[in-house]
Amino acid sequence: MINLSRILKNSINQITNKYNMFTHKGIDIVKYNNKSSEVIAHSDGIVVELVAGKKNDRSTKGKETYGNYVKIKHDNGMYTLYAHLKSVYVKKNSKVKRGTVLGVMGNSGNATGVHLHFELRNIDDVRINPTKYLDNDLPNMSTNVNVIYQTYDLQKNKWLPNIVDEDGYAGNLGNPISGIYINLSQDNIKYRVHEYNNKWLPNVINRNNYAGNIGKKIDGLQVSSDKHQISYRVHAIDIGWLPWVDKWDDTNDGYAGIFGYEIDAIQLKIKN
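Residues numbered from 1 in each chain as written. Predicted model: local features only at pLDDT ≥ 70, side-chain atom pairs only at ≥ 80, totals over all residues. Heavy atoms only, no water.

**Student:** Before we go on, may I ask you to explain the overall build of the protein chain in this structure?
**Tutor:** Each helix and strand counted, the protein chain has zero helices and 20 strands in total. Across the protein chain, the fraction of contacts at a sequence separation of at least 24, relative to all contacts at a separation of at least 6, is 62%. Carbon and sulfur atoms provide 46% of the accessible area of the protein chain, an area that totals close to 13,000 Å². (Helix = DSSP H or I, 4+ residues; strand = E, 2+ residues; numbered from the N terminus. Contact = heavy atoms within 4.5 Å. Areas by Shrake-Rupley, 256 points an atom, 1.4 Å probe, with all protein chains shown as cover.)

In structure tokens, the structure reads:
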């Protein structure tokens with residue numbers, strides 16, 4: 001099952017074991033095409049429990065089956081738990097923000113292969129189905145809205161990490177971009193790219209898709225949202241950062257980029 005989540009640094013992933021499958025009170029996830037990934041915090045919170053230094057042991061029982069894990073208490077009183085990690089990057093009682101890297105996916109504890117076991121627990125610490133929250137806010141959380149985006153590095157031939165920091169940008173300066181993925185939680189975002197010295201490619205509104213043709217450079221970008229005002233800009237090779245764009249139309253200031261100049265980075269912000 002292909003899905004999107006905000007708990008893997010690469011947002012596109014596969015659910016390999018569903019909730020309640022064979023009394024399984026969580027979901028098992030791997031990066032798309034059965035690959036490993038860094039694991040990131042679903043939402044803001046405090047690390048209330050963690051275990052590190054464990055190896056694979058199929059004979060374990062109880063909490064030992066988790067191997068290395070991180071448990072976070074969130075601002076609404078609910079908990080998320082990330083298990084079978086290869087390594088843990090955070091400390092107990094540390095505050096984490098949404099998108100903080102918690103560790104690396106692994107097979108510690110009672111696991112048959114590299115994956116992430118993810119749990120959601122209510123305010124009474126009882127496990128509940130986390131599936132619908134993989135790419136959505138937890139109930140009664142802050143209404144702050146974040147845009148998540150990433151780019152495909154044509155020179156390195158890979159997707160770069162998600163960007164959730166408003167002061168960050170997606171891309172490697174000097175390396176042309178070949179694809180763009182954008183996700184705005186609980187909103188129908190629309191975007192498209194202009195293929196280098198060619199044409200505008202089709203609009204993307206499916207959150208399981210991306211804009212671009214892998215292997216082809218881009219020189220233009222347009223983004224819009226139903227609910228929020230998005231500002232966006234691009235970095236063009238040999239020119240630098242171009243002006244922020246707040247709309248989508250056919251005028252010269254209705255898109256980001258200059259036709260004929262390769263784009264190597266993008267930046268997006270939510271205005272309201």
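The structure having been displayed, the exposition proceeds.
**Student:** In this structure, what is going on with the sheet that holds strand E12 (residues 147-153)? I would like to understand it.
**Tutor:** Each strand in a sheet pairs with another by means of backbone hydrogen bonds, the pair being arranged parallel or else antiparallel. One open sheet accounts for three strands, arranged E13-E12-E15; its pairing is antiparallel. The open sheet has two free edges, formed respectively by strand E13 (158-159) and strand E15 (177-184), since each of these has just one partner strand. In the sheet, E12 pairs with E13 via two bridges, with the strands oriented antiparallel. Within E13, the residue paired with Tyr-152 across the bridge is Trp-159. (Pairing = 2+ DSSP bridges.)

**Student:** Help me understand the environment of Gly-171, please; the structure alone is not making it clear to me.
**Tutor:** As for its placement among the helices and strands, Gly-171 is situated in strand E14 (residues 170-171). By relative accessible area, which is 14% here, Gly-171 ends up buried. For Gly-171 and Asp-264, which are 93 residues apart along the polypeptide, the C-alpha to C-alpha distance reads 5.8 Å. (Buried < 20%, exposed > 50% of the residue type's maximum accessible area, 1.4 Å probe, protein only.)

**Student:** What is the right way to look at the layout of surface pockets in this model?
**Tutor:** It is a probe the size of a water molecule, rolled over the atoms, that shows where empty space is left. A volume near 450 Å³ is recorded for the second largest pocket. Residue lining of the second largest pocket: 20 residues in total, with His-24, Asp-28, His-84, Asn-110 and His-117 positioned closest to the centre. Taken together, the residues that form the lining of the second largest pocket break down as four nonpolar, 11 polar and five charged. (1 Å grid on protein atoms, 1.4 Å probe; cavity = no way out; pocket = protein on both sides within 12 Å on 5 of 7 lines; lining within 4 Å. Points joined across faces, edges and corners; volume = space filled by probe spheres on them. Nonpolar A, V, L, I, M, F, W, Y, C, P; charged D, E, K, R; others polar.)

**Student:** Which parts of the structure should I look at to understand the nonpolar core?
**Tutor:** Among soluble globular proteins, nonpolar side chains are generally buried collectively. Membership of the largest hydrophobic core comes to 29 residues, with the highest contact counts inside it found for Ile-182, Val-223, Ile-266 and Leu-268. For this core, the secondary-structure elements that each account for two or more residues are E12, E15, strand E16 (189-195), strand E17 (218-225), strand E18 (230-236) and strand E20 (263-270). Judged by nonpolar contacts, the second largest core, of 21 residues, contains Leu-8, Tyr-19, Val-70 and Val-88. (Core = buried A, V, L, I, M, F, W, Y, C linked by side-chain atoms within 4.5 Å.)

**Student:** Any chance you could explain unusual backbone geometry here in plain terms?
**Tutor:** With the exception of glycine, the majority of residues adopt a negative phi angle, and the majority of peptide bonds are in the trans configuration. With a phi close to 70 degrees, His-84 is a non-glycine residue in the positive phi region. Take His-84: it is sitting in strand E7 (residues 79-88). In this structure, Asn-157 takes a positive phi of about 55 degrees despite not being glycine. By secondary structure assignment, the location of Asn-157 is in the loop between E12 and E13.

**Student:** Any chance you could explain the pattern of salt bridges here in plain terms?
**Tutor:** All chains considered together, the criterion is met by 12 salt bridges. A salt bridge links Lys-71 to Asp-125; its shortest N-O distance comes to 2.9 Å. With Lys-71 in strand E6 (residues 68-74) and Asp-125 in the loop between strand E10 (116-121) and strand E11 (127-128), this pair connects stretches of sequence that are 54 residues apart. Its relative accessible area of 30% is what places Asp-125 among the partly exposed residues. The shortest N-O distance in the salt bridge between Arg-127 and Glu-119 comes to 3.4 Å. Relative accessible area serves as the criterion here: at 1%, Glu-119 is assigned to the buried category. Salt bridges sharing common partners tie together Lys-71, Glu-119, Arg-121, Asp-125 and Arg-127. (Salt bridge = Lys/Arg side-chain N within 4 Å of Asp/Glu carboxyl O.)

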